[in-house]
Amino acid sequence: MMYLLATLLSLFVVSVSLSLHFLFFNTKKSGKTLPPGRTGWPVIGESLEFLSTGWKGHPEKFIFDRMAKYSSNVFRTSLLGEKAVVFCGAPANKFLFSNENKLVQAWWPASVDKVFPSSGATSSSKEEAIKMRKMLPNFFKPDALKQYVGIMDHITQRHFASGWDNKDEVVVFPLAKRYTFWLACRLFVSIEDPNHVARFADPFDLLASGLISVPIDLPGTPFHRAIKASNFIRKELHAIIKQRKIDLAEGKASPTQDILSHMLLTSDEDGKFMAELDIADKILGLLIGGHDTASSACTFIVKYLAELPHIYEKVHQGA
């Protein structure tokens with residue numbers, strides 16, 4: 001069990017830090033030479049094609065079709081209201097990782113500012129990324145990860161008892177999403193009560209699905225629902241942050257118990273502390289980063305263990 005928990009924790013941490021490698025560009029600054037490809041319809045671009053392949057269960061088809069069509073591991077398109085270049089394969093990934101803040105720079109499409117209003121009102125995305133990277137290693141370094149194993153074991157046992165035990169049949173993916181979200185809430189903001197976690201679950205699903213959708217802000221659209229869900233979650237997180245500040249001042253909370261406490265007590269080089277709404281956005285971003293990716297990884301683990309009983313037996317013996 002200890003080895004399995006360590007593996008799941010590693011997947012969870014990696015999933016928080018990874019993102020899909022779409023490089024958005026500005027036509028005026030991109031120069032004359034662009035990769036092969038097309039930008040599709042005005043505003044919408046190729047977003048509907050990209051999303052439809054995911055709805056049909058084959059999200060990779062959008063990428064592979066264009067790689068084959070243009071005979072290239074790099075192609076241009078238009079997604080979520082922004083022109084973009086898609087980098088595919090190990091060499092392309094190496095180029096991105098080795099040239100961050102040199103030849104490429106992280107930034108967010110304008111539509112994201114509507115979902116995270118304070119993200120565009122403070123410093124640039126480059127500066128925000130640097131701040132987060134300085135802050136997170138304290139929690140994700142090997143020594144720190146050891147203290148999470150006990151927490152994961154506790155949450156895992158409660159999760160299996162409530163959702164898996166004494167069931168004739170289980171649908172793994174929604175259970176895995178519930179598990180990873182519960183775990184994220186516990187590790188990031190020390191929320192452990194299942195009822196409190198469930199209060200976030202439905203609006204969070206709306207936010208996660210609407211964030212990667214056609215950015216049309218009209219009633220009934222996924223993007224509009226994502227904005228409403230974001231406002232609700234940020235309001236709830238803001239209340240948690242205010243209470244945590246009180247608990248820290250009264251000694252009822254530990255400065256090292258989770259990322260929220262660390263964000264509240266850590267200042268930048270100028271001695272300034274993050275605003276409460278900025279912290280809410282950061283926590284919300286971390287929750288999103290570990291949502292579908294981590295739960296998908298857990299689901300595939302269960303799938304392959306079920307399909308490969310000889311591997312399952314070795315895992316079982318090791319546990």
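Refer to the structure printed above.
Residues numbered from 1 in each chain as written. Predicted model: local features only at pLDDT ≥ 70, side-chain atom pairs only at ≥ 80, totals over all residues. Heavy atoms only, no water.

A. Local environment of the overall build of the protein chain. Summing up its helical and strand segments, the protein chain has 15 helices and three strands in all. Counting across all 319 residues of the protein chain, residues that qualify as buried make up 40%. Counted over contacts in the protein chain with a minimum sequence separation of 6, partners at least 24 positions apart contribute 64%. For the protein chain, the accessible area works out to roughly 18300 Å², and carbon and sulfur atoms hold 60% of it. (Helix = DSSP H or I, 4+ residues; strand = E, 2+ residues; numbered from the N terminus. Buried < 20%, exposed > 50% of the residue type's maximum accessible area, 1.4 Å probe, protein only. Contact = heavy atoms within 4.5 Å. Areas by Shrake-Rupley, 256 points an atom, 1.4 Å probe, with all protein chains shown as cover.)

B. Region of the structure containing the pattern of salt bridges. Applying the stated criterion to the full structure yields 14 salt bridges. Residues Lys242 and Glu276 are paired through a salt bridge, measuring 3.4 Å at the closest nitrogen-oxygen approach. On the criterion of sequence distance, the pair formed by Lys242 in helix H11 (residues 222-249) and Glu276 in helix H13 (residues 276-289) is long-range, its members being 34 residues apart. Members of the salt-bridge network, linked through shared partners, are Arg38, Glu46, Glu49 and Arg66. (Salt bridge = Lys/Arg side-chain N within 4 Å of Asp/Glu carboxyl O.)

C. How the structure looks around the packing of helix H2 (residues 47-55) against helix H3 (residues 60-70). At a closest axis distance of 7 Å, the pairing of H2 and H3 adopts a crossing angle of 125°. As the angle between them shows, H2 and H3 are arranged oblique. When H2 is examined against H3, the residues Glu49, Phe50 and Thr53 are found in contact with a partner set consisting of Lys61, Phe62 and Arg66. Residue composition of the contact of H2 with H3, by class: two nonpolar, one polar and three charged. (Axes fitted to C-alpha atoms, helices over the stretch in contact; angles between N-to-C directions. Parallel < 35°, antiparallel > 145°, perpendicular 65-115°, else oblique. Nonpolar A, V, L, I, M, F, W, Y, C, P; charged D, E, K, R; others polar.)

Interpretation in functional terms is not warranted from these geometric data alone.
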